Amino acid sequence: SNRLAEEVLDYEESSWADGFAAKKPEEVRARDLYLNEFTVKPVLAKLKPVVGALAAAAVISVVAFRLFEGEPDVQYSPEYLSNLQSDDKAAEIERRRGAQSGKPAYCFDRYYKAVAGGGMCD
C-alpha cells in the first residue's frame, strides 16, 4: 500500500550501492492511487479486525491455559495417592475415569505402565 501511494520510488538492482530513485509518470501514479484506494485499502480494512480478533483469541487461550493448567503428574504424587487411600469420593472419581477407557490408570503413563508390566493395556 505504501509503494502505491509514493510519488518517488527507490529501485535497487543488486545491492544498496547501485540503486536510484525515479519519479512515477502521472498516469502510473494515478493508476497506483486508484488501485490503492479502491483495491488495497478495502481489503486491509477488512483484514485488520480479523487479525485483531485472532490475536486476541490467541492471547486469551494462552492466558486461559496458563491459569487453568493442572499439574500433569499430580495424579502420581505421594500426597494425591495417600488422599485416594483415605478419601472414598476421590477414589471413586478415579475409578470411574479409568472405567470409561476400559484400561487401568497406569496404561496412560509410559513409566508406570513399564513398572506394572503393561498387562491389560493392549
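Structure report, in brief. In this text the structure is predicted, and so the values were computed from the model without any measurement.

### Re the pattern of salt bridges
Phase 1 of the analysis: With the rule as written, the count across this model stands at five salt bridges.
Phase 2 of the analysis: D32 is the partner of K24 in a salt bridge, and the nearest nitrogen-oxygen pair spans 2.8 Å.
Phase 3 of the analysis: Given the relative accessible area of 6%, K24 is considered buried.
Phase 4 of the analysis: For D32, a relative accessible area of 7% corresponds to the buried category.
Phase 5 of the analysis: With a closest N to O distance of 3.1 Å, D32 and R31 form a salt bridge.
Phase 6 of the analysis: In the salt-bridge network here, residues are joined through shared partners; they are K24, R31 and D32.

### A few points about the packing of aromatic side chains
Phase 1 of the analysis: Inspection of every chain in the model, using the stated rule, returns one aromatic pair.
Phase 2 of the analysis: When the ring of Y34 is compared with that of F38, the centres are 5.0 Å apart and the planes differ by 45 degrees; the resulting orientation is tilted. Of this pair, Y34 and F38 both sit in helix α2 (residues 26–68), separated by four residues, roughly a single helical turn. Both residues of the pair, Y34 and F38, count as exposed.

### Considerations on α2
Phase 1 of the analysis: Under the 1.5 Å per step criterion, the end-to-end length of α2 is 60 Å for 43 residues, consistent within 8% with the ideal 63 Å.
Phase 2 of the analysis: Maximum bend of α2: about 40 degrees, positioned at N36.
Phase 3 of the analysis: Taken together, the buried positions of α2 are occupied by R29, D32 and N36.
Phase 4 of the analysis: Looking at the buried positions of α2, the neighbouring elements they touch are α1 (2–5).

Rules used throughout
Residues numbered from 1 in each chain as written. Predicted model: local features only at pLDDT ≥ 70, side-chain atom pairs only at ≥ 80, totals over all residues. Heavy atoms only, no water. Salt bridge = Lys/Arg side-chain N within 4 Å of Asp/Glu carboxyl O. Buried < 20%, exposed > 50% of the residue type's maximum accessible area, 1.4 Å probe, protein only. Phe/Tyr/Trp six-rings, centres within 6.5 Å; stacked < 30°, edge-to-face > 60°. Helix = DSSP H or I, 4+ residues; strand = E, 2+ residues; numbered from the N terminus. Expected span 1.5 Å × (residues − 1). Bend = angle between axes of the 7 residues up to and from the residue. Contact = heavy atoms within 4.5 Å.

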